[in-house]
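Coordinate analysis (summary)
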Amino acid sequence: MKLSLISLIFAVSSFSVFAETPVIRTKPVTLLFAGDTTLDSTPGALIKRGIDPFKSFSPLFAAADIRLLNLECVVATTGQAEPKHYTFRAAPQVLQTLKRHADGVTLANNHSGDYGREAFAQMLSLLAKNNIAQAGGGMNLSEAHTPWMAERNGIRIAILSYNEFMPRSYEAGTYTPGVAWSEDEQVVDDIRRARSIYQADIVLPFMHWGWENEPKANLRQRQLAKKMIDAGADAVIGGHPHVTQDLEIYKGKPIIYSVGNFIMKETDNDQQRVGWVLRLNIDKTGVYGFDTHVARINQDGMPSYDKKTPSPCWTNTWPQERMCLAGDALTNESNGMRAVFR
Ligand SMILES: [Zn+2]
């Protein structure tokens, strides 16, 4: 009798412990990524006149926990233009505008080295002075492959950035500044090290890849994206083709091959003047959803937020992405937000 009373007390107390234990879920984090952003020529001149290219997206950016974009130019006062068709150099004062909206930039692309290594090094110090983080660049090869660790709500997110579009001469050397090149084995190793060395909960590689103007990702992009997810990436996000591309969900993880342009004067067709601002929903276990927000880019290269055109969204209870209206739809259905399907 005594024994069974003890068992009863134990059973009741275990039950109450079980019943009262709340489900611990860390507060999620939203990460926003805007595509190719080139702040020289007309956008640079407009910024100089006090016009903010981010204006129509400003509330969306302000509401996100981590904001980043691909900075597709060098920001410097020094250097000589490389012998290539397009070279982009923006004045340091653009960073005042940039830092109001972005926490960091990805630098591994085919324009950050347009004015040589000295200008690239100057940009690294200007970014640091303005408190803008960066991924994919460094004063040497090892720094370029070091993740930017962004921590919000107790979630540690490793952000990596790689270029694989010519010229490879912009790559960092053992002792020289430059960008991280997308060499498969190195990328896989960096992703693993982000977890083992940098204690990342979440690992996000941002890729500069693919063929320009192609609406579908190529075989190379598809193979490498899957390799990165197999190595532990929680999502793969890309840009460079100047247009948006198709998406895939692989092993429950999203691959957004190209978000297209964001601020870009040099556009040659209508498709290049439509980009997505991508928003990822992240908790400690991974990326559990995303939505995209359409940017319409005018002839001056300036984006405006188009809330009327549906664009891809996904939540991890869906096997595939769907089309949502950005203004009022989100990936997290439990938040009462609705998806609009086409
Ligand atoms: Zn590019």
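Residues numbered from 1 in each chain as written. Predicted model: local features only at pLDDT ≥ 70, side-chain atom pairs only at ≥ 80, totals over all residues.

1. Here's the deal with the nonpolar core
For clarity, the cut-off: Core membership is restricted to buried Ala, Val, Leu, Ile, Met, Phe, Trp, Tyr and Cys residues, and these are joined into a nonpolar core through C-beta atoms within 7 Å. Any residue whose C-beta has 12 or fewer other C-beta atoms within 10 Å is treated as exposed, any with 20 or more as buried, and any in between as partly exposed, C-beta atoms being built from the backbone. Secondary structure elements follow DSSP: runs of H or I of four or more residues count as helices, runs of E of two or more count as strands, with numbering from the N terminus.
If you look at the biggest cluster of nonpolar residues, it comprises 89 residues, and the most contacted ones within it are I157, I159 and L204. A total of 6 residues in this core trace back to one element, the largest contributor, which is strand 9 (residues 155-163).

2. Details of the pairing of strand 1 (residues 29-37)
To keep it simple, the criterion reads: For two strands to be treated as a pair, DSSP must find at least two bridges joining them.
When you tally the buried positions in strand 1, you get 8 out of 9 residues, the bulk of the element. One ladder, built from 6 bridges, connects strand 1 with strand 16 (residues 274-283); its direction is antiparallel. Within strand 16, the residue paired with T30 across the bridge is N281. As defined by bridge partners, strand 1 adjoins strand 2 (residues 66-71) across 6 bridges and the pair is classed as parallel. Along strand 2, the bridge assignment pairs A34 with L69. Sheet topology places strand 1 next to strand 15 (residues 261-263); 2 bridges connect them, and they run parallel. Paired with T37 across the strands is I263, a residue of strand 15.

3. Looking at the environment of A172
Quick note on the threshold: We call two residues in contact if the C-beta atoms placed from their backbones are at most 7 Å apart.
If you trace the backbone, A172 turns up in the loop between strand 9 and strand 10 (178-179). Here the alpha-carbon distance between A172 and L141, two residues 31 residues apart in the chain, equals 4.8 Å. A172 has contacts with G138, N140, L141, A144, P177, G178, V179 and A180, leaving out every residue within four places of it along the chain.

4. Description of unusual backbone geometry
Following M166, the chain continues to P167 via a peptide bond in cis, the omega torsion being 5°. Its location among the elements puts P167 in the loop between strand 9 and strand 10. With a phi angle near 50°, N153 is a residue other than glycine that sits in the positive phi range. Structurally, the position occupied by N153 is in the loop between strand 8 (148-152) and strand 9. N153 gets classed as exposed once you count the C-beta atoms within 10 Å, which come to 12. One non-glycine residue with positive phi stands out, namely H242, at about 70°. Along the chain, the position of H242 falls in the loop between strand 12 (236-239) and strand 13 (247-250). Accessibility expressed as a C-beta count within 10 Å gives 25 for H242, which makes it buried.

5. Examining the sheet that holds strand 8
Let me state the cut-off plainly: In this analysis an axis means a line fitted to C-alpha atoms, helices contributing only their contacting stretch, and an angle means the value between N-to-C directions, from 0 to 180 degrees.
Across the sheet, which stays open at both edges, the 6 strands sit in the order 8-9-11-12-14-13 with mixed pairing between neighbours. The sheet is open, and its two borders are formed by strand 8 and strand 13, each paired with just one other strand. For this sheet the average axis-to-axis angle between neighbouring strands, irrespective of direction, equals 20°. Two strands pair when backbone bridges link them, and strand 8 and strand 9 are joined in this way by 5 bridges, in the antiparallel orientation. Paired with E151 across the strands is R156, a residue of strand 9. Strands strand 9 and strand 11 (202-208) of the sheet are contacted by helix 7 (residues 184-196), whose axis makes an angle of about 150° with strand 11. Docked against the sheet, helix 8 (residues 219-230) engages strand 11, strand 12, strand 13 and strand 14 (253-256), running at close to 150° with respect to strand 12.

6. Quick word on the environment of T97
Examined against the element boundaries, T97 turns out to sit in helix 4 (residues 94-101). Residue classification places T97 among the buried positions, given that 20 C-beta atoms sit within 10 Å. On a C-alpha basis, the gap between T97 and F54 in space is 8.5 Å, while along the polypeptide they are 43 residues apart. Aside from chain neighbours lying at most four places away, what touches T97 is I47 and D52.

7. Points about the packing of helix 7 against helix 8
For clarity, the cut-off: Angle categories: roughly parallel below 35 degrees, roughly antiparallel above 145, roughly perpendicular from 65 to 115, and oblique for all the rest. Crossing handedness: left-handed means the near helix sits turned counterclockwise from the far one by under a right angle, and right-handed means the same turn made clockwise. Each residue receives one of three labels: charged for Asp, Glu, Lys and Arg, nonpolar for Ala, Val, Leu, Ile, Met, Phe, Trp, Tyr, Cys and Pro, and polar for the others, Gly being one of them.
Remark: helix 7 packs on helix 8, axes separated minimally by 9 Å, with the N-to-C direction vectors making an angle of 30°. Here helix 8 runs roughly parallel to helix 7, going by the angle between their axes. Relative to helix 8, the crossing made by helix 7 is right-handed. In this structure, helix 7 contributes D184, V187, V188 and I191 to the contact, and helix 8 contributes L224, K227 and M228. For the contact of helix 7 with helix 8, the class distribution of residues is 5 nonpolar, no polar and 2 charged.

8. A short note on helix 8
Heads up, the rule is: To estimate the expected span of a helix, subtract one from its residue number and multiply by 1.5 Å. The arc in question is the one spanned by the directions pointing from the helix axis to the C-beta atoms.
Over its 12 residues, helix 8 runs 17 Å from end to end, which matches the ideal 16 Å to within 8%, given 1.5 Å per residue. If you check which residues of helix 8 are buried, you get Q221, L224, A225, M228 and I229. Buried residues of helix 8, viewed axially, fall in a sector of 140°; they line one side. Away from the buried face of helix 8 by more than 90 degrees, exposed residues L219, Q223 and D230 are located.

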